[in-house]
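# Analysis of the macromolecular model
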Amino acid sequence: MKHQRSNAFLLAASLWALAVPAAAQEARQQLHVPAQSLGDALRALGSASRREIIFTPEVVAGKTSSPIDGAYTFREALDLLLAGSGLVTVERDGSVLVVGRSQAPQAVADHAGEVGAIVVTGSRIRGAPPASPVITLSSTDIAQAGQSDLGEAVRTLPQSFAGGQNPGVAPGAPGSNNNQNSASSINLRGLGPDATLTLLNGHRLAYGSFTQAIDVNAIPLAAVERIEIVADGASAIYGSDAVGGVANIILRKDYDGVSTTARVGGATDGGDTQQQYSLVAGTTWNGGGLIATYDFEKDTAITARQRSFTQYMPGNTTLLPGLTRHSAVLSLHQALAPDLTFSIDGLYNWRRSATVLQVPGSSRYTTEPTNQSFSIAPSLTFAASPSLTFALSGVYGEDHTDTRQFTITAAGAVSAYPYCYCNSVKSLEASAQGDLFDLPAGAIRFAAGAGYRGNGYLNRSVSLPAPIDAHQDSYYGFGEIYVPLVAPGQAITAIHRLSLSGALRYERYPGIDAVLTPKLGAIYAPSPDIDVKASWGKSFKAATLYQQYQPQYAFLYAATTLGGTGYPADATVLLINGGNRALKPERATSWSVTATAHPRAVPGLQVEGSYFEISYRDRVAQPFQGTDFYTALSGQTLARFVDPYPSAAEQAALIAAAPVPLYNYSGLAYEPSAVVASVYNAFFNVARQKIRGVDVTARYEADLGADEKLVFNGSASWLQSRQQLDPSLPVTELAGTIFNPPHWRGRAGATWTRHSLSASAFANYTGPVQDTRSSPSVAVASQTTFDLALVYRASPQGPIPGLGFALAVRNLFNAKPAYARAVADYYVSYDSTNQSAIGRFISVSLTKDW
């Protein structure tokens, strides 16, 4: 690992050294921009001058522009368009931000999330609108909602499922739902956190634990400008894992000054007492800037004795783990020459947590994971001309989860089981983007590049005779194109705007497979009031290194345990469980259609609806799951994974391949002649899933004057997902069943702001699910909770200059999770992947800008 760390710093140093001076000079050009809506006029100017102009729809809603016809510089033309609008501009990294006068110029650094609405996620071409729907959460949105970390923010999104790897997943949640190390991950459409690609400033991070989940809580909220989420397949643009979609966490770029925040809070039913302290410091200079963020958090646990609905459990069993966390982000950018910029992002996180599972009258299992991760991502950008940019970027990161697991028996005997899931990532990528040639509607733009990525996985455990040290390399190339066919200035009847986009990516995994993934998109606006988007593409996900390299273990069961009938009384079955190095990538085809209305007659209103489908095949799974395990010999289903009457030599080879001796659960002595079948329950590419659904969002911003506004917004998602483990098995429902996403989720509310003061109220709805663990199935009720927040943003003009505060209440009426039968008296009696044990939570914070 030391050699790999040195490679990361050598990479950063080499990129810093590649300085090539260049210069550019602005000139006048002939411009013809007719009078129209201000948003369309700014887009037309940006296309004609090949400059990126960034603004939100809300900022320009209801505003019109004067016509421009003649020779102007870019700045002259921009000033004419904005004349009388009350808007101002701020330059940043060659782009122009258009903001309200109350935001500029100093406040834009503090609230850049409000102006960063030109989406880069979903496309590698700067300024090209993606054909897939995009969800944007700005730092201001998160702060005004009273949320304290990224995990909490993304779990409120209807499109993200709280199962998988998340700290609230309590004992009894099956399958891939687990809390391995108290990390918080994004799990779009419930496909698993390993099927959602999570990026930091467009760069990958090292995977966490064995689940391949990315911990978003490792990133201090104070360092974040916004989160952009494309809940659509995006492997053609970003590569493996982007099946459910991609989430890009974008860091604040510039900050001048020092800001400190202290927050305390707790659950009114007891437990989850939180202390959080953060520090942000930054400075800018001619051609560069530096921002550093540090965050410390200490939370206490919630145990079964603290909740009325878990009184049947041993009181010391953990429902929500306590944790201690330190995290830091450092981001620097520097212009080395007029057209050459170096930047580097660094992330460090340390977290320790603990959980207890107490079996009544028996053993107590204590798990204490310590997670430590870091990432360094340098990049070098060269603007060869106003319309052509080259970039070279690299990443090196590690994520270690060292776990101490103790078992204390009822007699007091103690056994320790230490293990580590250690991951690493390294990558190097060269890319270019720019204009190819001009069409009447604007320039055809492209992006292209190639790169290398390597993932490492190290599993150390006392149960293994030797550590598992696995690596997986991939080499890739990609291309993307954006073609504007009709622009507003062309005044074509019934076609206000029309554009096409396409992307293609080739990725090769030596010794495993090669994958070619395309994506096509179209955007059509019949008028300035309506946009229609459509996208189609293929995505993939490489099997995790855990799934490939985990040892195969051999177990011996009585034949009757696995549903065998008609065999001799001493008949046994040899079962093989574990990894599979022959796994191929999982593959998916997805498409979506989105319609967005932003009528000029109702300034500030935007309504969007999307329909999507995902066909997911070759999913990695174990063939015998749940009750199927106990029927492996009872029929012809999954027969291809059952080998009848294996020879003694075949049995010996299977047992010898395991890292430990045979686990004998049969109650009989192992006798090769008594084995009537070998059952293979390792990981295979067996499952198929079909996912479809509808997303609806609405936002209305009412300008009340005097820097006062009222914003209503809401979003809802309907989801249907089905799975078939094998063609010989029936299709089973996933969405709407326990420990899977419900069919319906929604969140809606309003935020009022006046100057630096804001107040918000939101309602959260989680739909019912069916508990299918018994027959007939039993309904588990829905849950509705309400959140309130009052925030006063630190301001130099406040009663106490630079001082701000926030009061937040989650689950105002202390709604309890709905009852779901516990299968054991040490498991919880609720669906912890959809409903939380926290209850009402109140927090207060103070912020001081220095």
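Residues numbered from 1 in each chain as written. Predicted model: local features only at pLDDT ≥ 70, side-chain atom pairs only at ≥ 80, totals over all residues. Heavy atoms only, no water.

Remember that side chains alternate between the two faces of the sheet whenever the strand is regular. Side-chain alternation along strand β28 (residues 586-597) places E586, A588, S590, S592, T594 and T596 on a buried face and R587, T589, W591, V593, A595 and A597 on a face that remains uncovered. Note: strand β25 (residues 530-541) against β28, 12 bridges, orientation antiparallel. Counted as the bridge partner of S535 is S592 from β28. Alignment of β28 against strand β29 (residues 605-621), held across 11 bridges, turns out to be antiparallel. Within β29, the position partnered with T596 by the bridge is E608. (Buried < 20%, exposed > 50% of the residue type's maximum accessible area, 1.4 Å probe, protein only. Helix = DSSP H or I, 4+ residues; strand = E, 2+ residues; numbered from the N terminus. Pairing = 2+ DSSP bridges.)

The next thing to look at is unusual backbone geometry. That bond from S775 to P776 is cis: its omega, 0 degrees, falls within 30 degrees of zero. Non-glycine residue Y645 carries a positive phi angle of around 45 degrees. For Y645, the location among the structural elements is in the loop between β30 (642-644) and α10 (648-657). What makes Y645 exposed here is its relative accessible area of 58%.

Okay, the nonpolar core next. By size, the foremost hydrophobic cluster in this structure holds 35 residues, and its most contacted members are Y457, L562, V573, L575, F624, L633 and V679. The set of elements that each furnish at least two residues to this core consists of β20 (414-439), α9 (545-549), β26 (553-558), β27 (572-577), β29, β32 (675-680) and β33 (684-705). If we skip the residues at most four places from it in the chain, Y457 touches S209, F210, Y421, C422, N423, I468, D469, A470, L545, Y546 and Q550. Judged by nonpolar contacts, the second largest core, of 25 residues, contains L200, Y207, A247 and I249. (Core = buried A, V, L, I, M, F, W, Y, C linked by side-chain atoms within 4.5 Å. Contact = heavy atoms within 4.5 Å.)

Right, let's get into the pattern of salt bridges. Evaluated as defined, the whole model comprises 28 salt bridges. A salt bridge links R810 to E152, with the nearest nitrogen and oxygen atoms 2.9 Å apart. Of this pair, R810 sits in strand β41 (residues 803-810) while E152 sits in helix α7 (residues 150-155), and the two are 658 residues apart along the sequence. Since its relative accessible area comes to 10%, E152 is described here as buried. A salt bridge links R619 to E586; the nearest nitrogen and oxygen atoms lie 3.4 Å apart. With R619 in strand β29 and E586 in strand β28, this pair connects stretches of sequence that are 33 residues apart. One continuous salt-bridge network, built from bridges that share partners, spans D194, K541, E586 and R619. (Salt bridge = Lys/Arg side-chain N within 4 Å of Asp/Glu carboxyl O.)

On to the sheet that holds strand β10 (residues 245-251), then. With mixed pairing, the five strands of this open sheet are ordered in space as β6-β9-β10-β7-β8. Of all strands in the sheet, those bounded by a partner on one side alone are β6 (134-138) and β8 (203-204). Where strand β7 (residues 196-200) lies against β10, five bridges are found, and the strand directions are parallel. Each bridged residue has a counterpart across the sheet, and for L197 the counterpart in β10 is V246.

Among all positions of helix α4 (residues 74-82), only F74, A77, L78, L81 and L82 are buried. One side of α4 carries all its buried residues, which in axial view fall inside an arc of 130 degrees. Phi for G84, located one or two positions after α4, is positive at around 80 degrees. (Arc of directions from axis to C-beta.)

Turning next to the packing of aromatic side chains. Given two aromatic rings, their pairing is described by the distance between the two centres and the angle made by the two planes. Tallying each qualifying case throughout the model produces 25 aromatic pairs. The interplanar angle of 55 degrees and the centroid separation of 6.3 Å between the aromatic rings of Y553 and Y663 together place this pair among those described as tilted. You can see Y553 sitting in strand β26 and its partner Y663 sitting in strand β31 (residues 663-664), a full 110 residues away along the chain. Given a relative accessible area of 31%, Y663 falls into the partly exposed group. Centroid distance Y792 to F805: 6.0 Å. Interplanar angle 15 degrees. Geometry classified as stacked. Placement of Y792 in strand β40 (residues 783-792) and of F805 in strand β41 is noted, with a sequence separation of 13 residues between them. For F805, a relative accessible area of 34% translates into the label partly exposed. Ring pairing ties together the aromatic residues F210, Y417, Y419, Y421, Y457, Y546 and F683, which thus form one cluster. Just above the ring of F478 sits the side chain of R124; from NZ or CZ to the centre is 4.1 Å. Above the ring of F612, the side-chain terminus of R189 is found at 3.7 Å from the ring centroid. (Phe/Tyr/Trp six-rings, centres within 6.5 Å; stacked < 30°, edge-to-face > 60°. Lys NZ or Arg CZ within 6 Å of the ring centre and 35° of its normal.)

With that settled, consider the side chain of N459. Tracing the chain through its elements places N459 in strand β21 (residues 442-461). Residue N459 is classed as buried on the basis of its relative accessible area, which comes to 3%. In contact with N459, other than residues within four places in its own chain, are C420, Y421, L464, P467, I468 and Q550.

Once that is clear, we can look at the sheet that holds β30. Taken together, the five strands give an open sheet; going across it, the order is β30-β32-β27-β26-β31, and neighbouring strands pair in mixed fashion. Every other strand in the sheet has two partners, leaving β30 and β31 as the edge strands with one partner each. Alignment of β30 against β32, held across three bridges, turns out to be antiparallel. The residue of β32 that forms the bridge with P644 is A677. Helix-sheet contacts for α10 involve β26, β27, β30 and β32, and the interaxial angle to β27 is about 40 degrees. (Axes fitted to C-alpha atoms, helices over the stretch in contact; angles between N-to-C directions.)

The next subject is the side chain of E480. Position of E480 relative to the elements: it lies in strand β22 (residues 468-486). Buried within the structure, E480 lacks any salt-bridge partner; its nearest side chain of opposite charge belongs to R124, at an N-O separation of 5.7 Å. A distance of 2.8 Å separates a polar atom in the side chain of E480 from a polar atom in the side chain of S123. Polar contacts involving the side chain of E480 include one to the main-chain amide nitrogen of R124, which spans 2.9 Å. Residues within four places of E480 in sequence aside, it is in contact with G122, S123, R124, I125, I237, R445, F446, A447, G502 and A503. (Lys, Arg positive; Asp, Glu negative; His and termini not counted. Polar contact = N/O pair within 3.5 Å; in protein donor to acceptor, adjacent residues only side chain to side chain.)

Turning next to the confidence of the model for the protein. Summing up the model confidence of the protein, the mean pLDDT is 89 and the portion of residues at 70 or higher is 93%. Low pLDDT (under 50) marks residues 1-26, which in the prediction has 51 contacts with non-local residues, meaning those over four places away or in another chain. Low pLDDT (under 50) marks residues 101-119, which in the prediction has 58 contacts with non-local residues, meaning those over four places away or in another chain. (pLDDT = per-residue confidence, 0-100.)

Moving on: the state of the cysteines. All chains considered together, the criterion is met by one disulfide. Through a disulfide, C420 is tied to C422; the S-S separation comes to 2.0 Å. Disulfide C420-C422: torsion about the S-S bond near 85 degrees, hence right-handed. (Disulfide = S-S within 2.5 Å.)

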